[in-house]
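# Fold and contact review
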Amino acid sequence: MKELSKLLGYRKEIRVLDATLRDGGLVNNFYFSDDFVRALYATNIKAGVDYMELGYKASKDMFDVDKFGKWKFTDDDDIFKVIGENRDTGLKLAAMADVGRSDYKKDIRPREDSPLDLIRVATYVNTIPEAIDMIEDAKNKGYEVSVNIMAVSNAQESDIRVALEMLGNSPVDAIYIVDSFGSLFPEQIARIADLYCEYGTKYNKEIGIHAHNNQQLAFANTIEAVGDGVNWLDATYNGMGRGAGNCMMEHLIGFLHNPKYNLYPVIRFIEEHMDEVRKNGAVWGYDLQYYFTGMLNQHPRTAIAFTAEGRKDYSDYYKELIFHD
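Residues numbered from 1 in each chain as written. Predicted model: local features only at pLDDT ≥ 70, side-chain atom pairs only at ≥ 80, totals over all residues. Heavy atoms only, no water.

### As for the overall build of the protein
Stated precisely, the cut-off is as follows: Strands here mean DSSP runs of E at least two residues long; helices mean DSSP runs of H or I at least four residues long; both are numbered from the N terminus. Relative accessibility decides the category of a residue: with a 1.4 Å probe and only protein chains considered, values under 20% of the type maximum give buried, values over 50% give exposed, and everything between is partly exposed. In this analysis, two residues are considered to be in contact whenever any of their non-hydrogen atoms come within 4.5 Å of each other. Only the protein chains shown count as cover for residues, and all accessible areas are computed by the Shrake-Rupley method using a 1.4 Å probe.
A tally of regular secondary structure across the protein gives 14 helices and eight strands. Its C-alpha atoms give the protein principal-axis dimensions of about 55 × 45 × 45 Å. Looking at the protein residue by residue over its 325 residues, the buried ones come to 55%. Counting contacts in the protein only where the partners sit at least 6 residues apart, residues at least 24 apart contribute 76% of the total. Accessible surface computed for the protein: about 14,500 Å², of which carbon and sulfur atoms make up 50%.

### A word on the nonpolar core
Threshold: Definition used in this section: a nonpolar core is a set of buried Ala, Val, Leu, Ile, Met, Phe, Trp, Tyr and Cys residues joined via side-chain atoms within 4.5 Å.
Residues Tyr-196 and Tyr-237 are the most contacted members of the largest nonpolar core, which totals 87 residues. Here this core takes eight residues from helix 8 (residues 186–203), the largest share from any one element. Excluding its chain neighbours within four sequence positions, the residues that come into contact with Tyr-196 are Ile-149, Val-152, Ile-160, Leu-164, Ile-175, Tyr-176, Ile-177 and Ile-207. Membership of the second largest hydrophobic core comes to nine residues, among which are Tyr-51, Ala-94, Tyr-176 and Val-178.

### Digging into the confidence of the model for the protein
Our working definition: For every residue, the pLDDT score states the predictor's confidence, bounded by 0 at the bottom and 100 at the top.
Averaged over the protein, the pLDDT score is 96; the fraction of residues at 70 or greater is 97%. For the stretch residues 1–5, pLDDT sits under 50, and the model shows two contacts to residues farther than four places along the chain or on other chains.

### Things to note about the pairing of strand 1 (residues 15–18)
This is how the line gets drawn: At least two DSSP bridges between two strands are required for those strands to pair.
Pairing of strand 1 with strand 8 (residues 232–235) involves four bridges; the strand directions are parallel. Paired with Arg-15 across the two strands is Trp-232, which belongs to strand 8.

### What to know about helix 12 (residues 288–295)
Considered for burial, the residues of helix 12 that qualify are Gln-289, Tyr-290, Phe-292, Thr-293 and Gly-294. Contacts from the buried residues of helix 12 go to helix 13 (301–308) and helix 14 (314–322). A positive backbone phi angle near 55 degrees is found at Asn-297, which sits one or two residues after helix 12.

### Structural notes on the side chain of Lys-57
Put simply, the rule is: N or O atoms within 3.5 Å of each other form a polar contact, as long as, within protein, one can give a hydrogen and the other can take it, and as long as residues adjacent in sequence are counted only when both atoms are side-chain atoms.
Structurally, Lys-57 is set in the loop between strand 2 (51–56) and helix 4 (76–82). Of the polar contacts made by the side chain of Lys-57, one reaches the backbone oxygen of Thr-74; its length is 2.9 Å.

### So, the pattern of salt bridges
Pairing is possible between side chains that carry opposite charge, provided their charged atoms lie close to one another. Convention followed: Whenever a carboxyl oxygen of Asp or Glu lies within 4 Å of a side-chain nitrogen of Lys or Arg, that contact is scored as a salt bridge.
Enumeration according to the criterion identifies 25 salt bridges in this entry. A salt bridge links Lys-319 to Asp-316; the nearest nitrogen and oxygen atoms lie 3.7 Å apart. Of this pair, Lys-319 and Asp-316 both sit in helix 14, three residues apart, which is roughly one turn of the helix. You can call Lys-319 partly exposed: its relative accessible area is 42%. Judged by its relative accessible area of 35%, Asp-316 is partly exposed. Look at the salt bridges and you will find they share partners, linking Arg-22, Asp-23, Glu-53, Arg-120 and Asp-234 into a network.

### A short note on the sheet that holds strand 3 (residues 92–98)
Spelled out, the test is: Only the stretch in contact is used when fitting a helix axis, every axis being a line fitted to C-alpha atoms; angles between N-to-C directions are given from 0 to 180 degrees.
Spatial strand order, 1-2-3-4-5-6-7-8: eight strands in a closed barrel with parallel pairing. Each neighbouring strand pair of the sheet contributes to a mean axis angle of 25 degrees, computed without reference to strand direction. With five bridges joining them, strand 3 and strand 4 (residues 118–123) adopt parallel strand pairing. Considered in strand 4, the bridge of Ala-97 is made with Val-121. The sheet contacts of helix 10 (residues 249–256) involve strand 1 and strand 8, and relative to strand 1 the element is tilted by about 165 degrees.

### Overview of helix 2 (residues 20–28)
Counting buried positions over the nine residues of helix 2 gives seven, a clear majority of the element. Looking only at helix 2, the buried set comprises Thr-20, Leu-21, Arg-22, Asp-23, Gly-24, Gly-25 and Asn-28. Downstream of helix 2 by a residue or two, Asn-29 has a phi angle that is positive, lying close to 55 degrees.

### Some details on the side chain of Asp-117
Here Asp-117 shows up in the loop between helix 5 (104–107) and strand 4. The exposure class of Asp-117 is buried, given its relative accessible area of 14%. A polar side-chain atom of Asp-117 sits 2.7 Å from a polar atom in the side chain of Arg-111. Those residues within four positions of Asp-117 in sequence are excluded, and the remaining contacts are Asn-86, Lys-92, Leu-93, Arg-111, Tyr-143 and Glu-144.

### Notes on the packing of helix 8 against helix 9 (residues 218–227)
In helix packing, the relevant descriptors are the interaxial angle and the interaxial distance, both defined with respect to the helix axes. Note the threshold: Each crossing gets its hand from how the near helix is turned against the far one by less than a right angle, where anticlockwise is left-handed and clockwise is right-handed. Amino acid classes used here: Ala, Val, Leu, Ile, Met, Phe, Trp, Tyr, Cys and Pro are nonpolar; Asp, Glu, Lys and Arg are charged; the rest, including Gly, are polar.
One can describe the packing of helix 8 onto helix 9 by two numbers: an axis separation of 9 Å at closest approach and a directional angle of 35 degrees. The crossing of helix 8 and helix 9 is right-handed. Judged by residue contacts, Pro-186, Ile-189 and Ala-190 of helix 8 engage Ala-220, Asn-221, Glu-224 and Ala-225 from helix 9. Each residue belonging to the contact of helix 8 with helix 9 can be placed in one class, and the counts come to five nonpolar, one polar and one charged.

### Description of the environment of Val-82
One can find Val-82 in helix 4. For Val-82, a relative accessible area of 5% translates into the label buried. Sequence separation of Val-82 and Asp-34 is 48 residues, and the distance between their C-alpha atoms is 6.2 Å. Excluding residues that lie within four positions of it along the chain, Val-82 makes contacts with Asp-34, Val-37, Arg-38, Lys-70 and Trp-71.

The following block contains the structure:
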């Protein structure tokens, strides 16, 4: 069986996480209908997806609850109302907590009182100590815990090594490579994956990847990482996510050739629901403005503003970026 699995190109350690509601929520301020969420949940179960990220655990003191949909805050009570208790489905539920933007000690309940299974901590290299406090808090409450080291393309290798050493000594279960700006190429991902996997092997941690599509490389970078030994893979339906979006779930499931995953429900969901999301005003996906910020290794906030303003003067925008002081 081991030889057959090698021949067919899949391995049982792979875990696929659907980040559509969380990363996609950055596109429409998390205003997803309950019917959309239920349909996505049912599709993930049918498709064999391992984790479904419902949204953020954002601080209600920092963010106005009247300006965002419920999945910006992902209250347990809302999950119970929309999805239920999620028993015996094979699908685990997740939420993300940002360092400095989450009241995690009070808003994340003990695991036995919550429908969530996984807490995803988001941090930068320079906030690792607080991230570790959040990891320990969630672990002590009974959750699986992963950590996303954001904007890795802007970090020095020496700093990444220090971060990985500290996280290796923490109780975190999985450590993610995050190409926040969509600026990395597959050969860079290969080197970064080798570095992360070095510490993953040393400390028995899983390694994951969360890719953005600014240079149309989110899928390429994700499958590069798979070949390099990365097991936890983020994707979104139709690539829905901030700016240029993410690795597309339909591409990833189609690529894996893993019998536990089923592409057909993914296609049906896209056909029946994603066009409606676009018709309701959500805009995401590759365009020149996102390519520019990815190529220049810059945060896409100015490209997002360019899109929101309906600008089409790409050459002027490019000059603004390269001549910006």
